[in-house]
Amino acid sequence: MSTGMRRRAATTVVTLTMAGALGVGLMTPVAHGAGHGACYDGRCTITVSKPRTIKVNSHKFGFGTLKVTHISSRTVKFSATSGGTRLGGSTSPGGTVKLNNLKIWVKSASGHKARLALFPTRY
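Scoring rules and cut-offs
Within any chain, residue numbers begin from 1 and follow the written order of that chain's sequence. Selection of residues for local features in this predicted model requires a pLDDT of at least 70, selection of side-chain atom pairs for listing and counting requires 80 or more, and totals for whole chains, interfaces and linings are taken over all residues. Excluded from the side-chain calculations are hydrogens and water; all other atoms, namely the structure's heavy atoms, are used. Helix and strand labels come from DSSP, where a helix needs a run of H or I of at least four residues and a strand needs a run of E of at least two; each type is numbered from the N terminus. Whether a residue is buried, partly exposed or exposed follows from its accessible area with a 1.4 Å probe, protein chains only, as a fraction of its type maximum: under 20%, in between, or over 50%, in that order. For this analysis, residues touch if any pair of their heavy atoms sits within 4.5 Å. We get accessible surface area from the Shrake-Rupley algorithm with a probe of 1.4 Å; when it comes to residues, only the shown protein chains can shield them. Strand pairing is defined by DSSP finding a minimum of two bridges between the two strands. Between N-to-C directions, angles cover 0 to 180 degrees, with each direction set by a line fitted to C-alpha atoms, over the stretch in contact for helices. The definition of a nonpolar core used throughout is a set of buried Ala, Val, Leu, Ile, Met, Phe, Trp, Tyr and Cys residues joined through side-chain atoms within 4.5 Å.

**Considering the overall build of the chain**
Part 1: For the chain, the helix and strand inventory stands at two helices and eight strands.
Part 2: For the chain, the proportion of its 123 residues judged to be buried stands at 30%.
Part 3: For the chain, the share of sequence-separated contacts (at least 6 apart) that also reach a separation of at least 24 residues comes to 32%.
Part 4: Accessible surface for the chain amounts to roughly 8100 Å². Of this, 57% is attributable to carbon and sulfur atoms.

Below, the structure is given as structure tokens:
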């Protein structure tokens, strides 16, 4: 085998090895819930400064969107729809609201800004 043939063979092996390694990386499965947002699994801490919709796992919580409908330094209000039934609740800073099996803790609120922690409950 000539020197030129050895180089081509080595280059081909390296190219195929690199392509195989890159191909495996491209085939890696995407984590469940990716692209849905940080709160999709019901575990997050988030700051909201205006009414907002937060996507959550509808199979886990019975509703797919949690709506923050009002924010003030005295109260934060929430709503969701579960199977045609409207759920809602409100609490002051430091309090919690439970909608189905998702608990929302209003860690703090001032002006029109609230810091929320979401976490699933067992039941």
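**Focus on the environment of K77**
Part 1: Looking at the element boundaries, K77 is found in strand β4 (residues 76-82).
Part 2: Expressed as a C-alpha distance, the spacing of K77 and G89, which sit 12 residues apart in the sequence, is 5.8 Å.
Part 3: Non-local contacts of K77, meaning those with residues more than four positions away in its chain, are made with K67, V68, T69, H70, G89 and S90.

**Here we look at the sheet that holds β4**
Part 1: Across the sheet, four strands lie side by side as β2-β3-β4-β5; this open sheet has antiparallel pairing. A strand with exactly one partner marks an edge of an open sheet, and here the two such strands are β2 (52-55) and β5 (85-91). Taken over all neighbouring pairs, the strand axes of this sheet differ in orientation by 25° on average, direction set aside.
Part 2: Looking at chain direction, β2 and strand β3 (residues 65-71) are connected through four bridges and run antiparallel. Bridge pairing links T53 to K67 in β3.

**As for the environment of A80**
Part 1: Along the polypeptide, A80 turns up in strand β4.
Part 2: Assessed through its relative accessible area of 4%, A80 is described here as buried.
Part 3: Beyond its immediate stretch of four places on either side in the chain, A80 contacts F63, T65, T85, R86, L87 and L99.

**Here's the deal with the sheet that holds strand β1 (residues 44-48)**
Part 1: Spatially, β1-β8-β7-β6 is the arrangement adopted by the four strands of the open sheet, whose pairing is antiparallel. Both outer strands of the open sheet, β1 and β6 (96-99), are each paired with one neighbouring strand and no more. Averaged over all neighbouring strand pairs, the angle between strand axes comes to 25°, with direction disregarded.
Part 2: Bridging between strand β7 (residues 102-110) and strand β8 (residues 113-120) involves eight bridges; their strand directions are antiparallel. Considered in β8, the bridge of A109 is made with A114.

**Details of the nonpolar core**
Part 1: With 24 residues, the main nonpolar core has F63, L66, F78, L99, L116 and L118 as its most contacted residues.
Part 2: Mapped onto this core, the elements with two or more residues apiece are β1, β3, β4, β6, β7 and β8.
Part 3: Of all the elements, β7 adds the most residues to this core, at four residues.
Part 4: Non-local contacts of L66, meaning those with residues more than four positions away in its chain, are made with R52, T53, I54, F78, S79, L99, L102, I104 and L118.

**Here's the deal with unusual backbone geometry**
Part 1: Of note in this structure, N100 is not a glycine but carries a positive phi near 55°.
Part 2: Following the sequence through the fold, N100 ends up in the loop between β6 and β7.

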